[in-house]
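Listed here are the chains, written in short residue letters.
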Amino acid sequence: DGGITQSPKYLFRKEGQNVTLSCEQNLNHDAMYWYRQDPGQGLRLIYYSQIVNDFQKGDIAEGYSVSREKKESFPLTVTSAQKNPTAFYLCASSTGTGPYEQYFGPGTRLTVT
Amino acid sequence: GIQVEQSPPDLILQEGANSTLRCNFSDSVNNLQWFHQNPWGQLINLFYIPSGTKQNGRLSATTVATERYSLLYISSSQTTDSGVYFCAVSNAGGTSYGKLTFGQGTILTVHP
């Protein structure tokens, strides 16, 4: 089955620790995205990548880092510099050429205490 | 950047009722998507509709790009339709490649 997988589903960390969220897709999509959702809010873009070894900051990139070493994988690291890391994180992907319809993974709920 | 406004913010229906959700956006777009977020947080693609009209079962959507709005119609609502409905838009190309800007969502509750 083609799709996007994110792991883990739930993640708990202590303040001051870095944590890496996994995102893998087997849709052969060129572009991948990370969004953050806070309670009662819409999604906001953290980082996106159009091709391997290239990525750009989104609207709320501070305190986050990414890598894109393989087409299928786009891991997100939440660093200790992120002031409010507790949130629901969603990964998405789309083709590299139009239409740019995005498909989403199931998400990871991160709680930092 | 593009601004997206959804209305109404909350909607409560009895099973079997019809509803219309609205999405207004502030600039021209070449991608508009409607999503349903289920209670587990999964975003389910409903429509990719930068312009025109599409139908899928009890759901249909219309985007009037020249007037910068889109409508999502739900007919004969069921309790499983409950959840949050998001409209998201993008003006892909250049430095804004594929970036989706989301509205705040409409929370739909359908009572049996």
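Note: the structure precedes this text.
Summary of the structure given here. Just so we're clear, the structure is a prediction, and the values are computed from it rather than from any experiment.

Definitions and cut-offs
Residues numbered from 1 in each chain as written. Chains lettered and ligands numbered in written order. Predicted model: local features only at pLDDT ≥ 70, side-chain atom pairs only at ≥ 80, totals over all residues. Heavy atoms only, no water. Buried < 20%, exposed > 50% of the residue type's maximum accessible area, 1.4 Å probe, protein only. Helix = DSSP H or I, 4+ residues; strand = E, 2+ residues; numbered from the N terminus. Pairing = 2+ DSSP bridges. 1 Å grid on protein atoms, 1.4 Å probe; cavity = no way out; pocket = protein on both sides within 12 Å on 5 of 7 lines; lining within 4 Å. Points joined across faces, edges and corners; volume = space filled by probe spheres on them. Nonpolar A, V, L, I, M, F, W, Y, C, P; charged D, E, K, R; others polar.

### Re the pairing of strand S5 (residues 43–49) of chain A
Residues and elements named next belong to chain A.
Piece 1. Judged by how many residues are buried, S5 sits mostly within the fold: six of seven residues are covered.
Piece 2. Pairing of strand S4 (residues 31–37) with S5, which is carried by six bridges, proceeds in the antiparallel orientation. The residue of S5 that forms the bridge with Gln37 is Leu43.
Piece 3. Pairing of S5 with strand S6 (residues 56–57), which is carried by two bridges, proceeds in the antiparallel orientation. Residue Tyr48 lies in a different strand from S6, and its bridge partner there is Gln56.
Piece 4. Hairpin connection between S5 and S6: a loop of six residues separates the two successive antiparallel strands, and Asn53 in this loop has a positive phi of roughly 65°.

### A look at the layout of surface pockets
Piece 1. Its boundaries defined by the atoms lining it, the largest pocket holds a volume of some 390 Å³.
Piece 2. Forming the walls of the largest pocket are 21 residues, and the residues nearest its centre are Asp59 of chain A together with Gly1, Ile2, Thr101 and Phe102 of chain B.
Piece 3. Mapped onto the lining of the largest pocket, the elements with two or more residues apiece are S5 of chain A together with strand S9 (83–90) and strand S10 (101–102) of chain B.
Piece 4. Here the element with the most residues in the lining of the largest pocket is S5 of chain A; it accounts for three residues.
Piece 5. Here the lining of the largest pocket is built from residues that sort into seven nonpolar, 10 polar and four charged.
Piece 6. Lining the second largest pocket are 21 residues; nearest its centre among them are Gln37, Gly40 and Gln41 of chain A together with Gln37 and Val84 of chain B.

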